[in-house]
Amino acid sequence: PEKTAYAYRHLVNELFDLRVLDPAMGSGHFLVETVDFITRRLLDFLNAFPWNPVRAALRQTRESILDEMQKQGVSIDPARLTDINLLKRFVLKRCIYGVDLNPMAVELAKVSLWLDCFTLGAPLSFLDHHLRCGNSLIGTNVKTVEETIRTTKEGQLSLYAGPFAGLLDLTSLMVEVVERSDATVSDVHSSAEGFGQFRKMLEPYKEVLDLWTSQYFDNKRAREFITLFGDQVLPALKGEMKIAKEYKEAIAKSRERAKEKRFFHWDLEF
């Protein structure tokens, strides 16, 4: 059984390769019901297999929680760390996505989900990577901006080439955050640090998409700026190149509009 679980450990990620989004989540009631629904369906499926790699992953999480509590001198009955409690934590961190325009609603949704998925001895799961504040109706995507740059240059750029070439390297950071079990406080801190690094490295790309989106909010020079600098748009935004006064004003207006409207670019945020 141990060898079987190890040999098919990749199936753990495949089983949780499911995404449910609430684009206006409010305080998270729909997402709470979704976590419960998915967990019940997964348990029905897993109960058909007495031993499987998912149960092995749950057992490993349980042992990590118990070991951490033992280090702190706290005794917990292992029977209270049921599969349904632990499975909920997997579903919560990997499968659930939410967006809301109101920052307070995002925090309330986290509380609702934490209460529903509370696990004795385990810290609250890191949720910032999947519960986000923004306007789910206003934004753009990398492909749209890249196609505009392409039409102004000779030859063809592949997707995530040119100024967006570094984006693919960032995905590994997000994968690490998503796959961490958050069984201990140090795990949660690592998730937060990894996501913080991801957000920091993502910011320049977000500025490009913010600039593009701002053209629809009285920023007429925004698109002109992107097409003019093309592949060099990132250095231009960072101030590493000389740019005209009207383009500096366009950048400032873009940042103002993005903050005001809370632009949300799906393929960057998730």
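One structure accompanies this document, and this report is about it. Since we're looking at a predicted model, the values are computed, not measured.

## Some remarks on the overall build of the protein
Counting its secondary structure elements, the protein contains 13 helices and three strands. Principal-axis analysis of the C-alpha atoms gives the protein an extent of 65 × 40 × 35 Å. For the protein, with 270 residues in total, the buried portion stands at 47%. Expressed as a percentage of contacts within the protein between residues at least 6 apart in sequence, the contacts between residues at least 24 apart total 77%. Of the roughly 14,400 Å² of accessible surface on the protein, a fraction of 54% belongs to carbon and sulfur atoms. In the protein, which carries 36 positive and 38 negative side-chain charges, the distance between the mean positions of the two groups comes to 3 Å.

## So, the state of the cysteines
Taken as a whole and judged by the stated rule, the model has zero disulfides. No disulfide involves Cys95; its nearest neighbouring cysteine sulfur is the one of Cys117, lying 11 Å away. Judged by relative accessible area, which is 1%, Cys95 ranks as buried.

## Thoughts on the sheet that holds strand β1 (residues 20-22)
Read across the open sheet, the three strands follow the order β1-β2-β3; overall the sheet is parallel. Each edge of the open sheet carries a strand with a single partner, namely β1 and β3 (131-133). Shown here is a sheet whose adjacent strand axes are inclined to one another by a mean of 15 degrees, direction ignored. As judged from the three bridges shared by β1 and strand β2 (residues 96-100), these two strands associate in the parallel manner. Each bridged residue has a counterpart across the sheet, and for Asp22 the counterpart in β2 is Gly98.

## What to know about the pattern of salt bridges
A full pass over the atoms with the stated rule returns 16 salt bridges. One salt bridge in this structure joins Lys110 and Asp128, with 2.5 Å as the shortest N-O distance. Of this pair, Lys110 sits in helix α6 (residues 103-116) while Asp128 sits in the loop between α6 and β3, placing them 18 residues apart in sequence. By relative accessible area, which is 6% here, Lys110 ends up buried.

## A short note on the side chain of Asp22
By the secondary structure assignment, Asp22 is in strand β1. Buried charge without a salt bridge: Asp22, with Arg132 as the nearest opposite-charge side chain at an N-O distance of 15 Å. In terms of polar contacts, Asp22 uses its side chain to reach the backbone amide nitrogen of Ala24, at 3.1 Å. With near-sequence residues (within four places) excluded, Asp22 lies in contact with Phe30, Leu31, Tyr97, Gly98 and Val99.

## Brief notes about the nonpolar core
Among the nonpolar cores identified, the biggest contains 32 residues, and Val145, Phe164, Leu167, Val208, Phe225 and Ile226 are the most heavily contacted of them. Secondary structure elements with two or more residues in this core: α7 (142-151), α8 (167-179), α9 (185-214), α10 (221-229), α11 (233-237) and α12 (245-261). Ignoring sequence-local partners within four residues, the contact set of Val208 consists of Val145, Phe164, Ile226, Val233, Leu234 and Leu237. The next biggest cluster of nonpolar side chains, apart from the first, holds 31 residues, and it includes Leu86, Phe90, Ile96 and Ala109.

## Looking at the side chain of Ser136
Residue placement: Ser136 occurs in the loop between β3 and α7. A polar atom in the side chain of Ser136 sits 3.0 Å from the backbone oxygen of Pro23. If sequence neighbours within four positions are ignored, Ser136 has contacts with Pro23, Val99, Phe264 and Trp266.

Conventions and cut-offs
- Residues numbered from 1 in each chain as written.
- Predicted model: local features only at pLDDT ≥ 70, side-chain atom pairs only at ≥ 80, totals over all residues.
- Heavy atoms only, no water.
- Helix = DSSP H or I, 4+ residues; strand = E, 2+ residues; numbered from the N terminus.
- Buried < 20%, exposed > 50% of the residue type's maximum accessible area, 1.4 Å probe, protein only.
- Contact = heavy atoms within 4.5 Å.
- Areas by Shrake-Rupley, 256 points an atom, 1.4 Å probe, with all protein chains shown as cover.
- Lys, Arg positive; Asp, Glu negative; His and termini not counted.
- Charge placed at Lys NZ, Arg CZ, Asp CG, Glu CD.
- Disulfide = S-S within 2.5 Å.
- Pairing = 2+ DSSP bridges.
- Axes fitted to C-alpha atoms, helices over the stretch in contact; angles between N-to-C directions.
- Salt bridge = Lys/Arg side-chain N within 4 Å of Asp/Glu carboxyl O.
- Polar contact = N/O pair within 3.5 Å; in protein donor to acceptor, adjacent residues only side chain to side chain.
- Core = buried A, V, L, I, M, F, W, Y, C linked by side-chain atoms within 4.5 Å.

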